[in-house]
Structures are given as C-alpha cells and as structure tokens.
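# Structural characterization, general
So the chains spell out like this:
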Amino acid sequence: MKLNETFEAVREASRSLAFLNDADIHAILLEVADSAETNAAEILVENKKDLDLMDPKDPKYDRLKLTEERIAGIASDMRAVAGLPSPLGRILSESTRPNGMHLSKVSVAFGVIGIIYESRPNVSFDVFSLCLKSGNACLLKGSKDAHQSNVAIVAI
C-alpha cells in the first residue's frame with residue numbers, strides 16, 4: 001500500500017471512530033488486552049526474532065525485550081485505560097457573551113495521531129489504547145529493530 005493510500009485509510013478510520021460509544025471502546029480495549037495475554041507465546045516468538053538481530057549489549061536491547069510479565073503489565077495497563085472516563089464530549093468551559101451568545105469549549109478527538117518510536121514494541125499497545133480511548137485513529141511507525149514484534153502485535 002502506498003503512503004497516500006495509508007494516510008487516506010487512517011483518516012477514514014478516524015471518522016468511523018466517531019460512531020463508537022464508550023461501552024464499545026471499553027469492550028475493544030478489554031478484548032485486545034485479553035488477546036495480548038492469550039497470544040503472548042506468539043508475540044514472544046516474533047520478539048525473539050528481533051532480539052536475535054540485536055547485540056545484547058546494545059542499550060536498546062532491554063527496551064526491545066518482551067516477557068510474559070511485560071505482556072501481562074501491558075494488558076493490565078490497557079485495562080486501566082479502558083476503565084478511565086471518556087475524555088470526549090466533556091465541557092471544559094462555558095460562557096455567555098454580552099449579546100447573549102452562549103459559548104462552550106468541548107473536548108473532541110484530534111482525528112489522526114502519528115507516532116514514530118524506536119525499539120519499544122510495547123508502544124504499539126500503549127498508543128493504540130490511548131488513541132482509541134480518546135477517539136483517535138493512530139498511524140504507527142516502529143523501528144526496524146522491532147519489526148517482527150510490531151507485526152505480531154498489530155495482528156492482534
């Protein structure tokens with residue numbers, strides 16, 4: 001897929017998110033958290049492929065490394081995000097102008113958030129959960145160091 005097609009697909013996805021309610025978002029986040037734990041063995045196999053290509057003395061090695069415990073922590077964090085109140089539609093401030101016009105400042109989604117990150121496959125889960133909770137689509141660009149890990153994670 002060409003980049004322009006990818007960008008257009010993400011923009012369309014962001015528009016679809018407007019139709020999800022908080023219960024749907026909550027359920028999706030819990031399902032992905034459960035799936036991460038259920039598929040931990042497959043994620044770890046792919047993560048090992050990435051680790052095998054990196055020198056263990058490289059400072060990025062520990063950031064790249066996933067374990068059962070780290071995946072359980074990631075899933076726990078996703079469940080915590082699911083339990084947060086929705087940031088969407090909150091009235092941040094209100095005022096009435098002298099001419100009677102009422103103004104409200106209401107929180108809304110950005111639409112699309114792009115993130116570039118290096119050697120941290122956990123960021124794929126973190127950004128996804130925070131973006132989904134806030135009604136945003138995300139465009140992720142992980143480093144080649146974590147390519148196999150990220151492919152496995154995105155497949156979930």
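Residues numbered from 1 in each chain as written. Predicted model: local features only at pLDDT ≥ 70, side-chain atom pairs only at ≥ 80, totals over all residues. Heavy atoms only, no water.

Time to look at helix α1 (residues 3–17). Between the first and last C-alpha of α1 there are 21 Å, a value that for 15 residues agrees with the 21 Å anticipated at 1.5 Å per step. Taken together, the buried positions of α1 are occupied by Thr6, Val10, Ser14 and Leu17. Angular distribution of buried residues about the axis of α1 spans 80°; they occupy a single face of the element. Against the buried residues of α1 lie β3 (112–117), α6 (122–133) and β4 (137–142). (Helix = DSSP H or I, 4+ residues; strand = E, 2+ residues; numbered from the N terminus. Expected span 1.5 Å × (residues − 1). Buried < 20%, exposed > 50% of the residue type's maximum accessible area, 1.4 Å probe, protein only. Arc of directions from axis to C-beta. Contact = heavy atoms within 4.5 Å.)

Along the chain, Ser14 falls in helix α1. Residue Ser14 is classed as buried on the basis of its relative accessible area, which comes to 12%. Here Arg11 takes part through its backbone oxygen, which lies 2.6 Å from a polar atom of the side chain of Ser14. When residues no more than four places from it in sequence are discounted, the contact partners of Ser14 are Gly111, Val112 and Ala137. (Polar contact = N/O pair within 3.5 Å; in protein donor to acceptor, adjacent residues only side chain to side chain.)

Here the focus is helix α5 (residues 68–83). One full turn of an α-helix is made of 3.6 residues, so residues set three or four places apart face in the same direction. Taking 1.5 Å as the rise per residue, α5 with 16 residues should run 22 Å; its terminal C-alpha atoms sit 23 Å apart, in good agreement. Every buried residue belonging to α5 is among Ile71, Ile74, Ala75, Met78, Val81 and Ala82, and all of these are buried. Down the axis of α5, the sector holding all buried residues measures 115°, keeping them to one side. In α5, those exposed residues whose orientation departs by more than 90 degrees from the buried face are Glu69 and Gly83. In this structure, the buried side of α5 is in contact with α2 (22–38), α3 (40–52) and α6.

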